[in-house]
Amino acid sequence: MIGGTARPGSVTAWALSGTAWVVYAFFYAPIVLLVVFSFSDDRNVGRWGGFTLSWYEQFIDHSQLQNSLWVSIRVALLSTAISVVLGTLAALALERFRFRGQRVFDALLYLPIIIPDVTMAVMMLLFFSEGIRIAELLFGLDLTKGFTTITISHIAFNISFVSVVVRARLSGMNEQLEEAALDLYANRWRSFRYVTLPQIAPGIAGGALLALTLSLDDVVVTQFASGPGSTTLPVFVFGMIRRGVTPLINAVSVVMLAASIVLVILSLVTQRLRTGETGRSLGDRPRRRSDSSV
Amino acid sequence: MTLTAPPLPTGPGPGGAGTGLPEVTPEFERAAARADSRRGFLMSLPAYVYLVLFFTIPFGIVVVYSLATRNTIGGTDLAGWNLDSYRRLAEPIVRDILFRSVWIAMLTTLICLVVAYPFSYFIATRTPTIRNILLVFVMIPFWTNFLVRNYAWRVILGSDGPFAAVTEALGVGRQEILFTHSAVILGLVYGYLPFMVLPLYAAIERIDGSLIEAGRDLYASGAQTFWRVLLPLSMPGVLAGSILVFVPSLGAYVTPQILGGGKSTMLGSYIVVQFLTARNWPLGASLSFVLMTVMLTATLIYFRAGGRKL
Amino acid sequence: MPSAVPAVGLHRITKRFGDVVAVDTVDLEIADGEFFALLGPSGCGKTTTLRLIAGLEFPTTGRLRIFGDEVGTLPPNRRPVNTVFQNYALFPHMTAEENVAFGLRMRKVSKAEIEPRVRDAIALVHMEGMEQRRPDQLSGGQQQRVALARALVNSPKVLLLDEPLGALDLKLREAMQLELKALQREVGITFVFVTHDQGEALAMSDRIGVMDGGRLLQVGTPEEIYARPANRFVADFIGHANLLDGMVTGPDQVTLTNGITIAAPSNIQPGGHVAVTLRPEQALLHPWGGAPEHHTSVDGQVEQVTYLGNALIYRVSFQWMHIDVRSENRPGGDPVSAGDEVTVSWEPSSVAVVQD
């Protein structure tokens, strides 16, 4: 714990708190303005022209937007479900067992987090357009780019993020609890079911929320993994933005924003549960993936 | 009282041969260890197989393509591997894009550092309750849809948008910075500032306050305390934050697309162009490979410097 | 009626972790109904030995029996023993009652039976009224009681306790020592108890096994261990001992390294390097030349006096060696101060000769 050195009322103290308020304004002003303009009755995206809900109505009537929204939700739920199972198993294996190939697996599991989005996107593009051709020749698989390929690529990065979050929770858990369960006549499965699982549940929930967020946010990888047929909402909106901005995009953005905020609040709630139990600080969550990731 | 031991088994007396199970031997211990190792391996297997299939193999394909040749009709000849596409990185067009990306990423990092340092210091010196509230309000934009956050700036900076209105009202004339490098840097700073704040906060919060008091005691000047005590002690946070901002800025694609228009192409957009429009896949693949190498190196430096969080 | 079969039998048990030998060919039999302490410094292998009995580790070689049954290859959930873990390892997401019921639930005991047994176990450790609390709402001492109830409710044949009092403060620890001892008498179960605190081991146990470097150095009653340590380590580790280095120079005779020869009965061949151990409270302090006839005595000078409240420690130097003498702080005794010429004496039988 560090004490403030600036004396209250001194120039430094004023400058510091001034900076803080400016930074918070910088963080939130664009978001607030976007919400305001999404209700503006003006064809210019950044000008107030009176209140209207027409852009939201347009969004609801826009079948392509509705389709891509639906694809987004399905991709997010499916990729989260699968990556939570695979990522949790991987986390348990890495934290609780020693096995051959463990170091390689550990490193491999970190790579999707470290690798830049653009590189991952390129990998998916080449894999789905070229690799799949070979698979088709060999096994007669017919995999057109769309829902399936998007989901596959999202799972590929989500497994890693889920496993990192769950591992953090597992390593913070007292391993003696599992030994105590075994000592009290639980077999391995029941020890996991009644002791480990309830203990790491907040970690799994946190991992799932992170996976949902990342899946709903992703633009670059999805863009390269999706075909002309179906795509996700962010990719569709990204395409719209590049063609030219309209107030409709404001409304769609606010809907995505609302989804993000709901997920943030849920994460903070599970976070609260976690800090309540282990006393870890807020900064301890893993980095999220975004435009490009380290 | 039920707590007395149940009737004893009618086992053999002391020194008699044991019942049922054999004496433990090293073979048993090894077999138990092997069974345990097998369990771990089996549990990791689904994720392992998945990543090999949908990560390692795609990565191998990228490496193969980076060694291939683009043919005249925009396809790719896989026969005859060569380093031509890596040699092209030295060509002026590609080199300029590389330099521009590095320059923009560095400037972004520097601005983030200068803004985030006093901000993180301010948060770290509050009482724990206030600190947590302040941090929550850093986490919210951190978790909010990146595309939407970039788009918000597009709205603000657009023609007749709020930014233009404000600059006009301030009497500096109707400023339009959309589709300039400044807009891209602004968007990147906005996007990645939390990546700088969080490690900086963690580093500053960890510093023992008495060291700063000792510094004040010995040097008296606040500036000197900063340069000689606070900054050196928070260096791990500075390094971690800088890497976390620099690296994704370098590979940025969405921000230059939305706020930079076509004029300010950065590495990420250039790679995408190679695949979607120019159809020079070997060049795109080799640039992806280079980008990934830079990231891996930076990550290794980050871990070496003691950073743990990803 | 206690069984004639040892409750726990370890026969040439060895446990290696890679190149490290944590437990080295240990032979040990613990009798039914015994309160047995495994005592040693940290890293001596005592906790590993306990974990081997519990089944949390498998031995590398050797035989491990519980009441005559070979259990060395059984997993912990199939052994008739229960453990009170260091820091208790209570399940944080369960109430005290749920913690206690856990073992019975895992053994699929019927609900009708679980309820009274849990109630009895909670009453046994005096935790009535705390059933619905979660571990983080209990004090250290209360957590300790729940951990005991959680283990005892299963009627184990042997109860294993890993530093059970280590996390408690001094006052509570002393109270719990007595209570644990009384509890063991009440339930009549064999307790195997790991501690690094020799005072705790001496106060509570029927027998003590002293370990160091993975080896079991000596097994005996607290009196035997204290009065007749088997080697230098035991003498030094248990209580406070004067260790006077020397060499056996004749029958029942040791010449100390400073040249003084004293009587010290032993079976060690002349020429063996030994240490003569003498407990500070066995030594008596007299004015110069005032030793009783039949005592062994040395003359020296008081170097330092340490006041302990209930006792005083006099450090007496004689020819570059020194002996600590402890005397009870009674009123009316002759005041002795640093620099005084004195004679230190002891019963010949109160010294023990040990080898390294």
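Calculation criteria
- Residues numbered from 1 in each chain as written.
- Chains lettered and ligands numbered in written order.
- Predicted model: local features only at pLDDT ≥ 70, side-chain atom pairs only at ≥ 80, totals over all residues.
- Heavy atoms only, no water.
- Helix = DSSP H or I, 4+ residues; strand = E, 2+ residues; numbered from the N terminus.
- Buried < 20%, exposed > 50% of the residue type's maximum accessible area, 1.4 Å probe, protein only.
- Contact = heavy atoms within 4.5 Å.
- Areas by Shrake-Rupley, 256 points an atom, 1.4 Å probe, with all protein chains shown as cover.
- pLDDT = per-residue confidence, 0-100.
- Buried area = accessible area lost by both parts, 1.4 Å probe.
- Salt bridge = Lys/Arg side-chain N within 4 Å of Asp/Glu carboxyl O.
- Polar contact = N/O pair within 3.5 Å; in protein donor to acceptor, adjacent residues only side chain to side chain.
- Nonpolar A, V, L, I, M, F, W, Y, C, P; charged D, E, K, R; others polar.
- 1 Å grid on protein atoms, 1.4 Å probe; cavity = no way out; pocket = protein on both sides within 12 Å on 5 of 7 lines; lining within 4 Å.
- Points joined across faces, edges and corners; volume = space filled by probe spheres on them.
- Axes fitted to C-alpha atoms, helices over the stretch in contact; angles between N-to-C directions.
- Parallel < 35°, antiparallel > 145°, perpendicular 65-115°, else oblique.
- Left-handed = near helix turned anticlockwise from the far one by under 90°.
- Pairing = 2+ DSSP bridges.
- Domains from an automatic or database assignment.
- Phe/Tyr/Trp six-rings, centres within 6.5 Å; stacked < 30°, edge-to-face > 60°.
- Lys NZ or Arg CZ within 6 Å of the ring centre and 35° of its normal.

Peer 1: Any chance you could explain the overall build of chain C here in plain terms?
Peer 2: A count of helical and extended segments in chain C gives eight helices and 20 strands. Based on the C-alpha atoms only, the size of chain C along its principal axes is roughly 75 × 45 × 40 Å. Of all 356 residues assigned to chain C, the portion counted as buried reaches 54%. For chain C, the proportion of contacts with a sequence separation of at least 24, taken over those separated by at least 6, is 65%.

Peer 1: Just to check I follow, could you spell out the overall build of chain B for this structure?
Peer 2: Of the regular secondary structure elements, chain B holds 13 helices and two strands. In chain B, which comprises 310 residues, the share counted as buried stands at 48%. If you take every contact in chain B between residues at least 6 apart in sequence, the share linking residues at least 24 apart comes to 65%. As displayed, chain B has an accessible area near 13,600 Å², and 67% of this comes from carbon and sulfur atoms.

Peer 1: Would you explain the confidence of the model for chain B in this entry?
Peer 2: Do not read the predicted coordinates in detail wherever pLDDT is low. Taken over all residues, the pLDDT of chain B has a mean of 83, while the share at 70 or more is 89%. Contacts of residues 1-19 of chain B to residues separated by more than four positions or lying in other chains number 38 contacts, the stretch itself having pLDDT below 50.

Peer 1: Quick question: what am I supposed to make of the interface of chain B and chain A here?
Peer 2: Between chain B and chain A, the contact holds 100 residues from the first and 102 residues from the second. Counting each side, the surface lost to burial between chain B and chain A is near 9,400 Å², with a carbon and sulfur contribution of 76%. At the junction of chain B with chain A, the criterion picks out one salt bridge. Here B:Asp36 ties to A:Arg188 by a salt bridge, and the two come within 2.8 Å at their closest N and O atoms. Counting across the interface, chain B meets chain A through twelve residue pairs in polar contact (both at pLDDT 80 or more). Taken together, the residues of the side of chain B that touches chain A sort by class into 72 nonpolar, 17 polar and eleven charged.

Peer 1: Help me understand the layout of surface pockets in this model?
Peer 2: Where empty space is left becomes clear once a probe the size of a water molecule has been rolled over the atoms. Each pocket or cavity is described by its volume, and for the largest pocket that value is around 1,500 Å³. Within the residue set of the lining of the largest pocket, elements represented by two or more residues are helix H3 (63-96), helix H7 (176-183) and helix H8 (188-217) of chain A, helix H1 (26-66) of chain B together with strand S1 (8-17) of chain C. Top element by residues in the lining of the largest pocket is H1(B). It accounts for nine residues. Counted by class, the lining of the largest pocket contains 16 nonpolar, eight polar and 14 charged residues.

Peer 1: Any chance you could explain the packing of helix H4 (residues 140-152) of chain C against helix H5 (residues 170-187) of chain C here in plain terms?
Peer 2: Angle between the axes and distance between the axes: these two values describe a pair of packed helices. Residues and elements named next belong to chain C. Look at H4 against H5: their axes get within 12 Å of each other, and the N-to-C directions meet at 15°. With respect to their mutual orientation, H4 and H5 come out roughly parallel. Read as a crossing pair, H4 and H5 show a hand that is right-handed. Contact residues: H4 offers Gly141, Gln144, Arg145, Leu148 and Leu152, while H5 offers Leu172, Met176, Glu179, Leu180, Leu183 and Val187. A breakdown of the residues in the contact of H4 with H5 according to their chemical character gives seven nonpolar, two polar and two charged.

Peer 1: Looking at this model, I keep getting lost on the sheet that holds strand S7 (residues 158-162) of chain C. Mind explaining?
Peer 2: Residue and element names in this part refer to chain C. Pairing in this open sheet of six strands is mixed, and the strands run S6-S7-S8-S3-S9-S10 from one edge to the other. Of all strands in the sheet, those with a lone pairing partner are strand S6 (81-84) and strand S10 (215-220), marking the two edges. For this sheet, the mean angle separating the axes of adjacent strands, direction not counted, is 20°.

Peer 1: Help me understand the side chain of C:Thr83 in this model?
Peer 2: With respect to the helices and strands, the residue C:Thr83 is situated in strand S6. In contact with C:Thr83, not counting residues within four places along its chain, are A:Asp183, C:Ala54, C:Ala151 and C:Leu160.

Peer 1: What is the right way to look at the domain arrangement of chain B in this model?
Peer 2: The extent of an interface is frequently quoted as the accessible surface area lost upon association of the parts. Domain annotation for chain B reports domain 1 (1-60) and domain 2 (89-304). One C-alpha centre belongs to domain 1 of chain B, the other to domain 2 of chain B; they are set 50 Å apart.

Peer 1: Please explain the environment of A:Gly227 as it appears in this structure.
Peer 2: Residues and elements named next belong to chain A. Assignment of secondary structure puts Gly227 in the loop between helix H9 (220-225) and helix H10 (233-243). Residue classification places Gly227 among the buried residues on the basis of a relative accessible area of 12%. Sequence spacing of Gly227 and Thr149 is 78 residues, and the spatial spacing of their C-alpha atoms is 8.7 Å. Ignoring sequence-local partners within four residues, the contact set of Gly227 consists of Lys145 and Gly146.

Peer 1: What is the right way to read the packing of aromatic side chains from this model?
Peer 2: The geometry of an aromatic ring pair comes down to the distance between the two centres and the angle between the two planes. Under the defined criterion, the tally for this structure stands at 32 aromatic pairs over all chains. Plain terms: the ring middles of A:Trp189 and A:Phe192 are 5.9 Å apart, the flat faces sit at 40° to each other, and that makes the pair tilted. Of this pair, A:Trp189 and A:Phe192 both sit in helix H8, three residues apart, which is roughly one turn of that helix. Pairing C:Phe233 with C:Phe237 gives two aromatic rings, centres 5.5 Å apart and planes at 10°, and the pair type is stacked. Here C:Phe237 and C:Phe233 lie together in helix H8 (residues 232-237), a separation of four residues that amounts to about one turn. Classification of C:Phe233 by relative accessible area gives partly exposed; the value is 25%. An aromatic cluster is defined as three or more aromatic residues linked by ring pairs; in this entry it consists of A:Trp21, A:Tyr24, A:Phe27 and B:Phe119. Cation over ring: B:Arg126 sits above B:Phe122, and NZ or CZ is 4.1 Å from the ring centre.

Peer 1: I tried to follow the sheet that holds strand S17 (residues 311-318) of chain C on my own but got confused; where do I start?
Peer 2: One key point about sheets: their strands pair by backbone hydrogen bonds, in either a parallel or an antiparallel sense. All names here are of chain C. A sheet is described by the order of its strands in space; here five strands give the open sequence S15-S19-S16-S17-S18, paired in antiparallel fashion. The open sheet has two edge strands, strand S15 (284-287) and strand S18 (321-328), and neither has a second partner. Mean inter-strand twist for the sheet, computed between neighbouring axes without regard to direction, equals 45°.

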